[in-house]
Amino acid sequence: MNNYPQYKPLRNLLRQYNLQGSIEDIWWYFQAVDLPSSNEKVWTGQGFTKLKEVLHKWEIAILAREIVLNATPEGELRLRPWLGMARVLNMLRRVDNDMAGAHMTPERAYNSLTPTGQLQFPWQRPRQFNALMRYFKVFSESDVERLLVRETGVSTKEWFFVGFGAAGLLQHECGISAHQDYRPFGIELERSKTVFDKLSQPFEELRAKVNDAARYDDTWMYTWNPLEAKPLVGLDPTHPERLHCPIPYYVLKRASQGLFYEIAQAEGFNNPFGASFQAYLGEVLGVTFPSPQFTIYEEREYKVGRNRKDGVDWILTDDRANLFIECKAKRMNVGAKSAVDSAIISQQVDYLAKAVIQLYKNIADALAGHTHWPRNDRPIFPLVVTLEDWYLFGTSADLLAEGVRTKMAEANLDLRWLDTMPYTVASCEDFEDVSPTIAEVGIHAFFSLKHSGDQQRWMIQHFAKEHFIEVYRRTVHRDLFREEWDQILPENVLPFRLKNTESRSS
């Protein structure tokens with residue numbers, strides 16, 4: 001399916017827009033929508049309206065991609081004032097609606113819920129301290145950092161410091177110099193230059209990548225944006241050190257979470273990275289669930305006959321229930337995030353289904369007395385915690401449920417466990433937010449209610465807000481490992497304050 005004719009009106013319009021000016025305008029709009037303190041208003045023809053109510057961050061990111069692909073240095077139009085943006089925004093939304101065209105079936109419409117969530121939900125999460133601390137700790141674990149230094153020559157702290165410094169400067173202006181000097185902070189020019197090289201690319205190179213990634217069908221809106229990989233753009237070939245950044249958040253993301261791409265293909269990556277995430281979650285458990293009210297059991301290998309097994313990653317118990325936790329660091333790949341084809345989505349979700357089955361097998365061994373867990377008769381709730389958020393709903397949730405049930409039967413596991421020991425899949429971010437609520441109300445109270453009625457598929461954060469709102473609001477605003485962070489990057493050198501209480505909605 002190629003609906004390029006439906007796309008051409010947007011292409012033709014954007015060719016009239018000035019490249020550099022429009023990139024600078026996108027930067028302005030993104031700051032106006034992204035910063036919690038921003039209260040910018042625009043005239044819509046019927047009155048003044050808050051910009052945040054008529055323009056979404058994911059739309060700005062898509063527009064940045066399209067400006068890179070189509071705008072020209074000779075163009076005379078700009079995205080500011082609002083009339084210039086409104087014209088383009090309306091066209092962008094029209095193209096999105098037209099791309100599906102007559103090929104849109106009820107099945108594909110339902111399947112599109114998955115990429116829509118992948119597109120929109122990450123932008124709705126507030127920028128917060130805990131997420132950055134999580135990635136710092138995962139990537140600074142000795143075996144993981146050894147890979148990072150081997151592949152890039154730059155340590156985790158140096159990556160964070162340069163990235164955060166750049167993000168701070170980009171809050172105030174669209175441009176930055178790759179010659180920025182970090183030597184006063186102990187980072188040699190060679191290493192800061194490496195970071196800038198990894199974060200930047202010449203404009204023509206970026207345009208070629210956007211063109212290669214483009215799809216003109218019902219996945220057009222969801223197509224991966226190459227700005228995520230290299231968010232700094234060199235517009236002037238005679239001064240390659242002068243860089244523009246339409247989406248500053250991408251710099252922060254790339255220098256923290258995006259370090260994954262620096263080492264993902266490195267030899268010996270999987271085991272250290274997974275072990276680091278597992279260890280990090282153990283730290284979260286330790287600071288959230290106090291003794292003696294809770295007992296935490298870490299992974300310990302055991303044997304069933306001659307077979308050596310690793311065991312479940314973590315077990316958390318209180319006086320009423322057990323929580324068996326499996327940690328998974330794998331992320332959904334880019335193709336699946338933008339897919340409307342259920343077969344493509346299924347290939348990725350199958351990984352989570354296998355993780356659930358692995359957890360049930362570990363529970364079976366624990367119940368049989370093969371592990372170090374002292375068996376009790378309290379209810380068991382299996383929980384798979386992913387480092388990245390998979391946003392499971394619609395087709396992806398259906399495929400996961402179907403895959404788990406099929407694999408349970410193939411493994412000769414008791415299908416009744418799906419009712420007596422119902423599983424949950426949650427992102428680490430959601431678990432960090434919700435775990436203080438679980439600690440206060442108890443494992444059984446939280447998960448037994450979570451798996452009653454139609455709430456089984458709810459994200460645990462949504463569920464906590466709905467059913468334990470008072471506890472959730474009182475406990476969610478916490479900075480994990482703040483003292484440790486202050487020793488790494490003192491607050492006076494951070495580009496902005498990263499406080500949950502300032503940016504998180506309740």
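This text gives an overview of the structure that appears in the document.

Residues Ser192, Val195, Phe196 and Leu199 constitute the buried set of helix α11 (residues 189–199). Buried residues of α11, viewed axially, fall in a sector of 95°; they line one side. Close packing links the buried residues of α11 with α10 (156–169), β3 (175–177), β4 (200–202), β5 (232–234), β6 (242–244) and α13 (248–254).

Our focus in this paragraph is a nonpolar patch on the surface. Judged by side-chain polarity, Trp224, Tyr261 and Val334 come together as a nonpolar surface patch covering roughly 290 Å² of accessible area. In this structure, Tyr261 sits in helix α14 (residues 260–263).

If you look at the biggest cluster of nonpolar residues, it comprises 76 residues, and the most contacted ones within it are Phe196, Leu232, Phe273, Leu323, Ile443 and Phe446. When neighbours within four sequence positions are excluded, Phe196 is seen to be in contact with Val162, Ala166, Ile176, Ser177, Ala178, Gln180, Tyr182, Leu232 and Leu243. Residues Val68, Leu69, Val88 and Met91 belong to the second largest nonpolar core, which totals 53 residues.

To continue, consider the pattern of salt bridges. All chains considered together, the criterion is met by 33 salt bridges. Residues Asp34 and Lys57 are paired through a salt bridge, measuring 3.1 Å at the closest nitrogen-oxygen approach. Taken together, the positions of Asp34 in helix α2 (residues 19–34) and Lys57 in helix α4 (residues 57–70) put the pair 23 residues apart, joining distant regions of the chain. Residues Asp34 and Lys57 agree in their burial class; the two are buried. Where salt bridges share partners, they join Arg125, Arg134, Asp389, Glu429, Asp430 and Glu432 into one cluster.

As enumerated under the stated definition, the model contains 32 aromatic pairs in all. Ring geometry for Phe260 against Phe269: centres 5.6 Å apart, planes inclined by 80°, an arrangement best described as edge-to-face. A relative accessible area of 7% places Phe269 in the buried class. Relative to Phe468, the ring of Phe446 lies with its centre 5.7 Å away and its plane at 20°, an arrangement referred to as stacked.

The subject of this paragraph is the environment of Glu440. Along the chain, Glu440 falls in helix α20 (residues 428–441). For Glu440, a relative accessible area of 41% translates into the label partly exposed. Placed 151 residues apart in sequence, Glu440 and Phe289 show a C-alpha to C-alpha distance of 8.9 Å. With residues up to four places along the chain from it excluded, the contact list for Glu440 reads Val471, Arg474 and Thr475.

What follows concerns the packing of α20 against helix α21 (residues 443–450). At a minimum axis separation of 6 Å, α20 and α21 run at an interaxial angle of 115°. The orientation of α20 with respect to α21, classified from their angle, is roughly perpendicular. Across the interface between the two elements, Val434, Thr437, Ile438 and Val441 of α20 pack against Ile443, Ala445, Phe446 and Phe447 of α21. Residue classes in the contact of α20 with α21 are distributed as seven nonpolar, one polar and no charged.

Thresholds, definitions, all that
- Residues numbered from 1 in each chain as written.
- Predicted model: local features only at pLDDT ≥ 70, side-chain atom pairs only at ≥ 80, totals over all residues.
- Heavy atoms only, no water.
- Buried < 20%, exposed > 50% of the residue type's maximum accessible area, 1.4 Å probe, protein only.
- Helix = DSSP H or I, 4+ residues; strand = E, 2+ residues; numbered from the N terminus.
- Arc of directions from axis to C-beta.
- Contact = heavy atoms within 4.5 Å.
- Patch = residues over 30% accessible without salt bridge, like charges linked within 9 Å, V, L, I, M, F, W, Y side chains within 5 Å.
- Areas by Shrake-Rupley, 256 points an atom, 1.4 Å probe, with all protein chains shown as cover.
- Salt bridge = Lys/Arg side-chain N within 4 Å of Asp/Glu carboxyl O.
- Core = buried A, V, L, I, M, F, W, Y, C linked by side-chain atoms within 4.5 Å.
- Phe/Tyr/Trp six-rings, centres within 6.5 Å; stacked < 30°, edge-to-face > 60°.
- Axes fitted to C-alpha atoms, helices over the stretch in contact; angles between N-to-C directions.
- Parallel < 35°, antiparallel > 145°, perpendicular 65-115°, else oblique.
- Nonpolar A, V, L, I, M, F, W, Y, C, P; charged D, E, K, R; others polar.

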